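# A structural walkthrough
Letter by letter, the chains look like this.
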Amino acid sequence: MLVSTAFFIVIERKILGMVQLRQGPNKPSIKGLLVFLADGVKLFTKGLLIPNTANKWLFIMAPVFMFTLSFGIWVIFPSLFPIEYYKYSVLYFLALSATNVFAIILVGWSSNSSYAMLGAMRAIAQSISYEVSMFTVFMCPLLVIFGFEFQRMLDDPISTWAYCSNSLLMWFISILAETNRAPFDFVEGESELVAGFHVEVGGGLFALIALAEYGAIIGMSVFTTALFFSGVNSLLFVVIVLFICYLFILVRGATPRYRYDMLMDFCWTKLLPLAMCNFLFIMVW
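Residues numbered from 1 in each chain as written. Predicted model: local features only at pLDDT ≥ 70, side-chain atom pairs only at ≥ 80, totals over all residues. Heavy atoms only, no water.

Taking an unreviewed UniProt entry as the reference, the protein is identified by name as NADH-ubiquinone oxidoreductase chain 1 belonging to Tridacna derasa. Recorded under Catalytic activity (unreviewed entry), the UniProt text for the protein is reproduced unchanged: "a ubiquinone + NADH + 5 H(+)(in) = a ubiquinol + NAD(+) + 4 H(+)(out)". Of the protein, the UniProt comment under Sequence similarities (unreviewed entry) reads exactly: "Belongs to the complex I subunit 1 family." (UniProt positions renumbered as here; feature names shortened; annotations may be inferred.)

### Some details on the packing of aromatic side chains
Enumeration over the complete set of coordinates arrives at 17 aromatic pairs. Judged by centre distance (6.0 Å) and plane angle (50°), the ring pair of Trp171 and Phe228 falls under tilted. Of this pair, Trp171 sits in helix α7 (residues 161-178) while Phe228 is found in helix α9 (residues 203-228), placing the two residues 57 residues apart along the sequence. What makes Trp171 buried here is its relative accessible area of 0%. A centroid spacing of 5.6 Å and a plane angle of 70° characterise the contact between Phe184 and Tyr258, whose relative ring orientation is edge-to-face. (Phe/Tyr/Trp six-rings, centres within 6.5 Å; stacked < 30°, edge-to-face > 60°. Helix = DSSP H or I, 4+ residues; strand = E, 2+ residues; numbered from the N terminus. Buried < 20%, exposed > 50% of the residue type's maximum accessible area, 1.4 Å probe, protein only.)

### Details of unusual backbone geometry
In this model, Ala182 is joined to Pro183 through a cis peptide bond whose omega is 5°. Within the secondary structure layout, Pro183 lies in the loop between α7 and α8 (190-193). You will see that Lys31, though not glycine, has its phi angle at about 55°, which is positive. When you line up the elements, Lys31 lands in the loop between α1 (2-19) and α2 (35-44).

### Let's talk about the packing of α1 against α2
The contact between α1 and α2 brings their axes to 9 Å, and the two run at 115°. As the angle between them shows, α1 and α2 are arranged roughly perpendicular. You can see that α1 and α2 cross each other, and the crossing is right-handed. Each of Ala6, Phe7, Val10 and Arg13 in α1 lies in contact with α2, whose residues at this interface are Val35, Phe36 and Asp39. Here the contact of α1 with α2 is built from residues that sort into 5 nonpolar, no polar and 2 charged. (Axes fitted to C-alpha atoms, helices over the stretch in contact; angles between N-to-C directions. Parallel < 35°, antiparallel > 145°, perpendicular 65-115°, else oblique. Left-handed = near helix turned anticlockwise from the far one by under 90°. Contact = heavy atoms within 4.5 Å. Nonpolar A, V, L, I, M, F, W, Y, C, P; charged D, E, K, R; others polar.)

### Some words on a nonpolar patch on the surface
A cluster of nonpolar side chains, contributed by Val3, Phe7, Ile11, Leu33, Leu34 and Leu37, occupies part of the molecular surface with about 520 Å² of accessible area. Broken down by element, the nonpolar patch gets its largest block of residues, 3 residues, from α1. Relative to the elements of secondary structure, Val3 occurs in helix α1. (Patch = residues over 30% accessible without salt bridge, like charges linked within 9 Å, V, L, I, M, F, W, Y side chains within 5 Å. Areas by Shrake-Rupley, 256 points an atom, 1.4 Å probe, with all protein chains shown as cover. Salt bridge = Lys/Arg side-chain N within 4 Å of Asp/Glu carboxyl O.)

Given below as structure tokens:
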């Protein structure tokens, strides 16, 4: 997963270069494909600078905690050849998704910086708001499968796409906000907050945060495919996962950032009522 995440960062930079009609990374190796090695060596060999006013222990442990939460979700990875079977893997997924905001709060608060703290406070409001609609939409495929296991979704011949196609767009918008991606990347709003919650973090700790964020994108793509495209074969499963990852990048290259009040208004007055009506419709059906 670390290798996949590293290559995903390179592919995003290459695709954004194509979208914006400019050169992406093209120096290290052939066409810049190994630029992630250069970035990794550069970040992990830098000196670890900790602000004097920061809570030093939390400042170091918060990025590690964020990285652990992001990759801990792969414990319940749905596979055609599972080693372990987790009976309530869906509940584990929901709990871990909701816990991720605490890592962002710890990074922002431990820095003892106004910009970092503002970014963390934005994360609290944004994550709590969109988790309500995300969990509501999340229940629709569970009603069709009638279970709480991702593995069961993968093995079930019933395709949830036929029943929950109207839920997929709402789910995708919710996970964009949940993973702090454009156009909902207010936690890292460079124009307002310099770099958001990780403005004081550098070197290897910043590399852990970047790996956690991009690992979460791949994880959400995998579990989205398991939720809404159950019953597909393994090759098609991989193709759909790659397509959803590509959509994450394309949305970032094509859409500007929202205003923060528009983000909150869209969640509570538009997305949540639609999600609740859709849940009632699926339940009655």
